[in-house]
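Letter by letter, the chains look like this.
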Amino acid sequence: MKAFEMFQEISSETAVSIFQYLREEQRDVYTASLSTLAANRKLRPVFIQRKPAAAQIEWLAKNAKLRGSAEIAEHVLQIWLMKANQDVLIKFLDGIGIEHDGEGAAEDLPEEIDAKKLKATVDGLLKDHNPEVVKIYLNIFQLQRENGWDSLTKLIAETPDLQFGVEEEPAPAPAKPDPEPEPEEPEPEEPEPEEPEPEEPEPEEPEPEEPDTPDEPETSEEPVTTDEKE
């Protein structure tokens, strides 16, 4: 993988931190990188330098991803690794038995790297350092020799933490505890039917008595006539 392709895959936070470090600690390298990337886009460096610092760094990180920036992108990563992450380089070279200048730069590189030493060294680096920095360094180290080293190629292929373009699987969410059953509400008791109160009998109204009528005097059947005149 080429350096410009690494810039396409590394996190935006790491890309910004690389150029931020160069701006603060390696000003000459920062200025040269800005001039080279501007020239690649046929721009005058002053056009980029007029931007605020944050905008400059964002522009540099974006343009380091382009194919035409392969050479300057590799140089930027090498300087950043050697100056800002020297302990990673030293531990790696010491672990696999390569002599260096004490600052992580080696001139004589071996034809082969012992696979067991390599595995043990890289495991330690991944444990003690930022895995993304270790990944960038090992992939840049592979570029120092045509076709790299077989043992390192195999280790990268077997280790997802050393590969670009491999998304980390999100950690499974913790299982939620089963909700406690809600207490059942007691069913309302049906009210017992009330016994109807006995109805009081209505008083019977007395039938009206017929008034007594006086007996009519008996009349003789024969009419009373006056005596005839003598």
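Residues numbered from 1 in each chain as written. Predicted model: local features only at pLDDT ≥ 70, side-chain atom pairs only at ≥ 80, totals over all residues. Heavy atoms only, no water.

1. Remarks on the packing of aromatic side chains
Then, in step 1: Considering all chains together, one arrives at five aromatic pairs under this definition.
Then, in step 2: Between Tyr-137 and Phe-141, the ring centres sit 6.0 Å apart and the planes meet at 50 degrees, which makes this aromatic pair tilted. Linking Tyr-137 with Phe-141, this pair stays in helix H9 (residues 131-142), spanning four residues, or about one helical turn.
Then, in step 3: Relative accessible area serves as the criterion here: at 5%, Tyr-137 is assigned to the buried category.
Then, in step 4: On the basis of an interplanar angle of 20 degrees and a centroid distance of 4.8 Å, the ring pair of Phe-141 and Trp-149 is categorised as stacked. Of the two residues examined, Phe-141 and Trp-149, each falls in the buried class.
Then, in step 5: By the ring-pair criterion, three or more aromatic residues cluster together here, those being Phe-92, Tyr-137, Phe-141 and Trp-149. (Phe/Tyr/Trp six-rings, centres within 6.5 Å; stacked < 30°, edge-to-face > 60°. Helix = DSSP H or I, 4+ residues; strand = E, 2+ residues; numbered from the N terminus. Buried < 20%, exposed > 50% of the residue type's maximum accessible area, 1.4 Å probe, protein only.)

2. So, the confidence of the model for the protein chain
Then, in step 1: Averaged over every residue, the pLDDT of the protein chain is 84; the share at 70 or more is 72%.
Then, in step 2: This model gives residues 216-230 a pLDDT under 50, and the stretch forms zero contacts once residues within four places in sequence are excluded. (pLDDT = per-residue confidence, 0-100. Contact = heavy atoms within 4.5 Å.)

3. Concerning helix H2 (residues 12-25)
Given 3.6 residues to a turn, an α-helix orients residues that are three or four positions apart in the same direction.
Then, in step 1: For H2, with 14 residues, the first-to-last C-alpha span of 20 Å sits near the 20 Å given by 1.5 Å per residue.
Then, in step 2: For H2, the full list of buried residues reads Thr-14, Ala-15, Ile-18, Phe-19, Tyr-21, Leu-22 and Arg-23.
Then, in step 3: Buried residues in H2 make contact with helix H1 (3-9), helix H3 (27-40), helix H5 (53-63), helix H6 (70-84) and H9. (Expected span 1.5 Å × (residues − 1).)

4. Let's talk about the nonpolar core
Grouped burial of nonpolar side chains is what soluble globular proteins tend to show.
Then, in step 1: Core analysis: the largest hydrophobic core is formed by 52 residues, its most contacted members being Phe-7, Phe-19, Leu-77, Phe-92, Tyr-137 and Phe-141.
Then, in step 2: What Phe-19 contacts, discounting residues up to four positions off in sequence, is Phe-7, Tyr-30, Ile-57, Leu-60, Ala-61, Ala-64 and Val-76. (Core = buried A, V, L, I, M, F, W, Y, C linked by side-chain atoms within 4.5 Å.)

5. Here's the deal with the pattern of salt bridges
Then, in step 1: Applying the stated criterion to the full structure yields two salt bridges.
Then, in step 2: Where Glu-111 meets Arg-145, a salt bridge forms, and the shortest distance between an N and an O atom there is 2.8 Å. Linking Glu-111 in the loop between helix H7 (86-96) and helix H8 (115-128) with Arg-145 in the loop between H9 and helix H10 (150-158), this pair joins segments that are 34 residues apart in sequence.
Then, in step 3: Two residues, Lys-119 and Asp-123, come together in a salt bridge whose shortest N-O distance is 2.7 Å. (Salt bridge = Lys/Arg side-chain N within 4 Å of Asp/Glu carboxyl O.)

6. Quick notes on unusual backbone geometry
Then, in step 1: One non-glycine residue, Lys-42, adopts positive backbone phi at about 60 degrees.
Then, in step 2: Take Lys-42: it is sitting in the loop between H3 and helix H4 (45-49).
Then, in step 3: Residues other than glycine seldom take positive phi values, yet Asn-147 does so here, at roughly 70 degrees.
Then, in step 4: Looking at where Asn-147 falls in the secondary structure, it is placed in the loop between H9 and H10.

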